[in-house]
Structures are given as C-alpha cells and as structure tokens.
Amino acid sequence: MAENNTRELIIIGSGPAGYTAAIYAARAELKPLVLAGGEMGGQLMITTDVENYPGFPDGILGPQLMDAFRAQAERFGAEVIPVDVTRVDFSSRPFRVWTGSEEYRARSVIVSTGASAKWLGVPGEVEYRGRGVSACATCDGFFFKGKRVVVVGGGDVAMEEATFLSRFATSVTVVHRRDQLRASKSMQQRAFNDPKISFVWDSVVEEILGEGTVTGVRVRNVNTGETDVIETDGVFIAIGHQPNTELFKGQLELDAKGYVVMPNPETAETNVEGVFAAGDVRDHRYRQAVTAAGDGCKAAMDAERWLEEQGEAVNLEAEVYSFPR
Ligand SMILES: Cc1cc2nc3c(=O)[nH]c(=O)nc-3n(C[C@H](O)[C@H](O)[C@H](O)COP(=O)(O)OP(=O)(O)OC[C@H]3O[C@@H](n4cnc5c(N)ncnc54)[C@H](O)[C@@H]3O)c2cc1C
C-alpha cells in the first residue's frame, strides 16, 4: 500500500465505543475508517430493550440503537467496513492493520473490540437469551421486579449481580459448582447477610428450561450426580467476561485477564503512543453502552489532539530545514 494511502485514523470495532469514536473523529475531519468486525454493532445487537441509554425515555431496541450510531457516524463521513482485523503491527509508524490479505495503514488507531460475556453453552441458553437469560444485571435486573432469578457463578461479579438483583427479585438463587465462593470476603458476607439470597452448592446448570420465556433451570450436583429443577423467571450468567484482545498480544500491554492496560487512565492512551483504547476492551468495571460511548469520545479527542501535535512537529521540522543558513 502506498504511503499516501495512510489513513489518519483506523477504528477497530463497531460497538458503542467504536461508533462514538467514529462520530467524533469524522466531525473532526479525520475521515476515520471503521473496521467493524463480524459482530457489527457489537454486543447490543443481541439484546432487545435497552432502557438505560439516555435520550430514549421509552427505551429502544439494541439493534435499532446501534443502527442509529452507525448512521450518525456515516453521515459525517466515517467509512464502515464489516470485516474482522486479523493482525496488527504497532511496532512502527504508520501502524499496520490487516484484514486477511488486505493491509491498511494509519497514523493512529483506536482499539474498541469490546469483550464477550462467557456463556455456559448449555441447551436453552441461546434460545432464551433476552427472554430470561442475561449476562448483565445492571442492564436487565429491572425487568425482574417481583420475579425469581438464578445467578450462576461464585466470583465477585456473581455476588455483585446477586446482591444487585435482590433489590428487584423476590428470590435470588446462586448456583455454584464448588462448595465455597471465589468472591472476596466482603462480597461474600454481603450476599450471605441478604435474606433474599440462597445458595445451591456443588452444582452446575445443565439446561435452561422455558416456554416462550425462562421457567426454570435443571441443575446437577457434581458430587452425587443427582439432578433437580429450580423454578425461576430469569437466569443471570456471571462466570466472567473475555476481552477481545487476542489480536493485540505482544503489540499492546494487556493485564492478566487480557484487558488493555491504560498507563494514564484519565486518558484513552495505551502504552503505544498513537494507539488508543475505548470501551469494554479496557473496562472490566462498568461495562455499559453509555460508558463505552463516553470512552469512544475520549479516544477520538485524544487521537485528534495527538495527530495535531504530530502534524505540528512535522511542520516545525520542515520549517527548521527550510530556514536559510
Ligand atoms: C445481552 C446484552 C445486553 C446488554 N444490555 C445492555 C443495556 O441494556 N444497557 C447497557 O448500557 N449495556 C448493555 N450491555 C453491555 C453493552 O452492550 C456493552 O457494555 C457495550 O456494547 C460495550 O461497547 P464496546 O463498544 O466497548 O464493545 P462491543 O459492543 O463489545 O463491540 C465490540 C466490537 O468490536 C468488534 N470486534 C471484535 N473483534 C474484532 C476484530 N478482530 N476486528 C474488528 N472488529 C472486531 C465487534 O465486531 C464489535 O463491533 C449488554 C450486553 C449484552 C451482552
């Protein structure tokens, strides 16, 4: 690819973070290229009602919201291509990004490849996703007001989800495959002290049952092999998330769980100058569409400023060299 085809900015990923970065960057005339990935629109494409994204008092369907994000980015000149990035080279500039055999070059890159909830992979899980099966209590807890829920998992996130859900649900049953929790002592204590939360130990969910929506889970005791059905209206899978960063191993600093490390967390800077990160790929704490969008805005503004500084540096250099001797 010729040097003059080098883009100002490539954005990898098209969830709320990537599209928001694209809106800001396009309005700043950076003509961003969004390499959207196979899951165009990101995680919200697999959900139904989004009730907590500001500006939609009656809620909005996830795919509809993401179509609007995309239309807004394209309106200002962002180019969106629905391809997966297969390789990157951030070791020298311009940065290089491949989608199979196609190579793209850019002066700056925003990484917004998100994260994926880990699922159990049991029958009924895909079928009832969005109809009782969820991986996000903050997102969906409100729908279970006055209903029974099951939480699967034993770590901090599972206890946080269980405690949060007990505000709405009549009962919260935590199903955990071991006989003790992995969660921190304080998180455990909060859950143990909550009268609405009960525990089913040494058990795994084998199947999610339903008739249109979830009606129960079939659990198996891992010690005795006995199975039982727990009647419930909802199942929250809280066994962790996996950031989509396989691609960036050896290119960007990642933490032990694979999240992008932000040396200066007030900014969107990664450890590689000119490469920025936004959204769930760097955030294991909030994991919300609105926080990802906010991150995308920050990343685009940081990239724009950084490019401007680089541009000035180049011009300054040119001036120095053209100075009469
Ligand atoms: C079922 C469900 C319901 C949810 N409900 C809500 C809700 O009601 N409210 C709320 O605020 N949040 C909700 N969330 C959380 C919210 O969806 C995420 O926090 C948000 O989508 C994160 O945005 P993101 O842009 O960081 O990443 P994502 O949305 O995960 O997007 C990642 C993007 O990266 C792309 N990508 C990945 N790998 C590559 C690659 N190799 N090359 C190119 N592109 C790549 C994908 O195609 C995708 O476009 C929900 C999540 C789920 C799973």
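All of these numbers come straight from a predicted model, not from anything done at the bench. Here, residues in each chain are numbered from 1, in the same order as that chain's written sequence. Residue-level local features of this predicted model are given only where pLDDT is at least 70; pairs of side-chain atoms are given and counted only at 80 or more, and the full residue set underlies all totals for whole chains, interfaces and linings. Excluding hydrogens and water, the side-chain figures rest on all heavy atoms present in the structure.

(A) Region of the structure containing the overall build of the chain. Looking only at helices and strands, the chain features six helices and 19 strands. Principal-axis analysis of the C-alpha atoms places the extent of the chain at approximately 85 × 40 × 35 Å. Here the chain holds 325 residues, and 49% of them are scored as buried. Two residues qualify as a contact provided that any one of their heavy atoms is within 4.5 Å of a heavy atom in the partner residue. For the chain, contacts bridging at least 24 residues in sequence account for 60% of all contacts bridging at least 6. In the structure as shown, the chain presents an accessible area of about 16400 Å², 48% of it carried by carbon and sulfur atoms. In this charge count, Lys and Arg are treated as positive and Asp and Glu as negative; neither His nor the chain ends contribute. Note that the charge is assigned to NZ on lysines, CZ on arginines, CG on aspartates and CD on glutamates. The chain carries 33 positive and 46 negative side-chain charges, and their two centres are separated by 2 Å. Going along the chain from the N terminus, every DSSP run of H or I of four or more residues is numbered as a helix, and every run of E of two or more is numbered as a strand. Exposure classes here rest on a 1.4 Å probe applied to the protein chains alone. A residue is buried below 20% of its type maximum, exposed above 50%, and partly exposed in between. Throughout, the Shrake-Rupley method with a 1.4 Å probe supplies accessible areas, and for residues the shown protein chains are the sole cover considered.

(B) Spatial organisation of the site of the ligand. Near the ligand lie 33 residues; those nearest to it are Gln43, Asn52, Val85, Asp280 and Ala289. Whenever two N or O atoms come within 3.5 Å, that pair is a polar contact, provided that in protein one can donate a hydrogen and the other can accept it, and provided that, for residues adjacent in sequence, both atoms are side-chain atoms. Gly37 is positioned with one of its backbone polar atoms (N or O) 3.5 Å from a nitrogen atom of the ligand. In this structure, a nitrogen atom belonging to the ligand sits 2.8 Å away from a side-chain N or O atom of Asn52. Protein coverage of the free-state accessible area of the ligand, which is 1000 Å², stands at 94%. When contributions to the shell around the ligand are tallied by element, the ones reaching two or more residues are helix H1 (16–27) and helix H6 (289–322). In the shell around the ligand, the residues fall into 14 nonpolar, 15 polar and four charged. Near, as used in this document, describes a residue that has one of its heavy atoms within 4 Å of the molecule or strand being considered. Note on residue classes: Ala, Val, Leu, Ile, Met, Phe, Trp, Tyr, Cys and Pro are nonpolar, Asp, Glu, Lys and Arg are charged, and everything else, Gly too, is polar.

(C) Representation of the state of the cysteines within the structure. For this text, the term disulfide refers to a pair of cysteine sulfurs within 2.5 Å. All told, the structure shown has one disulfide when counted by the stated rule. The partner cysteine of Cys136 in its disulfide is Cys139, sulfur to sulfur 2.1 Å. In this structure the cystine formed by Cys136 and Cys139 twists about its S-S bond by roughly 70 degrees; its chirality is therefore right-handed. Residue Cys136 is classed as buried on the basis of its relative accessible area of 16%.

(D) Seen up close, the sheet that holds strand E17 (residues 234–237). Strand order across the open sheet formed by five strands is E10-E17-E11-E12-E13, with parallel pairing between neighbours. Looking at which strands have only one partner, the edges of the open sheet turn out to be strand E10 (133–134) and strand E13 (197–200). Bridge count between strand E11 (residues 148–152) and E17: four bridges; the pairing is parallel. When the sheet's bridge partners are listed, Val149 is paired in E17 with Gly234. Pairing between two strands requires that DSSP report at least two bridges joining them.

(E) The arrangement of the packing of helix H4 (residues 156–165) against helix H5 (residues 185–193) in detail. Their axes nearest at 9 Å, the elements H4 and H5 cross at an angle of 30 degrees. By the angle class used here, H4 and H5 are roughly parallel. Here H4 runs over H5; the crossing is left-handed. The residues of H5 that touch H4, namely those facing Asp156, Met159, Glu160 and Thr163, are Met187, Arg190 and Ala191. To obtain an axis, a line is fitted to C-alpha atoms, over the contacting stretch when the element is a helix, and the angle between two such axes runs from 0 to 180 degrees between their N-to-C directions. The labels follow the angle: roughly parallel below 35 degrees, roughly antiparallel above 145, roughly perpendicular from 65 to 115, and oblique for the rest. Left-handed describes a crossing whose near helix is turned anticlockwise from the far helix through less than a right angle; right-handed describes the clockwise counterpart.

(F) The arrangement of the environment of Arg148 in detail. Mapped onto the fold, Arg148 is located in strand E11. Note on Arg148: relative accessible area 30%, which makes it partly exposed. The sequence separation of Arg148 and Asp49 amounts to 99 residues, and the corresponding C-alpha distance is 20 Å. Contacts of Arg148, omitting those with residues within four sequence positions, involve Thr170, Ser171, Glu231, Thr232, Asp233 and Gly234.

(G) Representation of the domain arrangement of the chain. Domain boundaries assigned for the chain yield domain 1 (7–116 + 241–318) and domain 2 (119–237). For the domain bounds, the source is a domain assignment made automatically or taken from a database. Centre-to-centre, using C-alpha coordinates, domain 1 lies 33 Å away from domain 2. Contact with domain 1, which involves eight residues of that partner, is made by nine residues of domain 2. Of the roughly 630 Å² buried at the junction of domain 1 and domain 2 (both faces included), carbon and sulfur atoms supply 49%. What counts as buried area is the accessible surface, traced by a 1.4 Å probe, that two parts surrender upon association, with contributions from both included. The largest share of the area that domain 1 buries against domain 2 comes from Ile46, Glu51 and Gln288, three residues that together contribute 48% of it. Between Lys or Arg on one side and Asp or Glu on the other, a salt bridge is scored when a side-chain nitrogen of the former is within 4 Å of a carboxyl oxygen of the latter. Connecting domain 1 to domain 2 are zero salt bridges. A class-by-class count of the residues in the side of domain 1 that touches domain 2 yields one nonpolar, four polar and three charged.

(H) Representation of the pattern of salt bridges in the model. For the structure shown, the criterion picks out 14 salt bridges. Residue Glu74 pairs with Arg70 through a salt bridge whose shortest N-O separation is 3.0 Å. Of the two residues, Glu74 and Arg70 both sit in helix H2 (residues 62–75), four residues apart, roughly one turn of that helix. Among the residues examined, Arg70 registers a relative accessible area of 27% and is labelled partly exposed.

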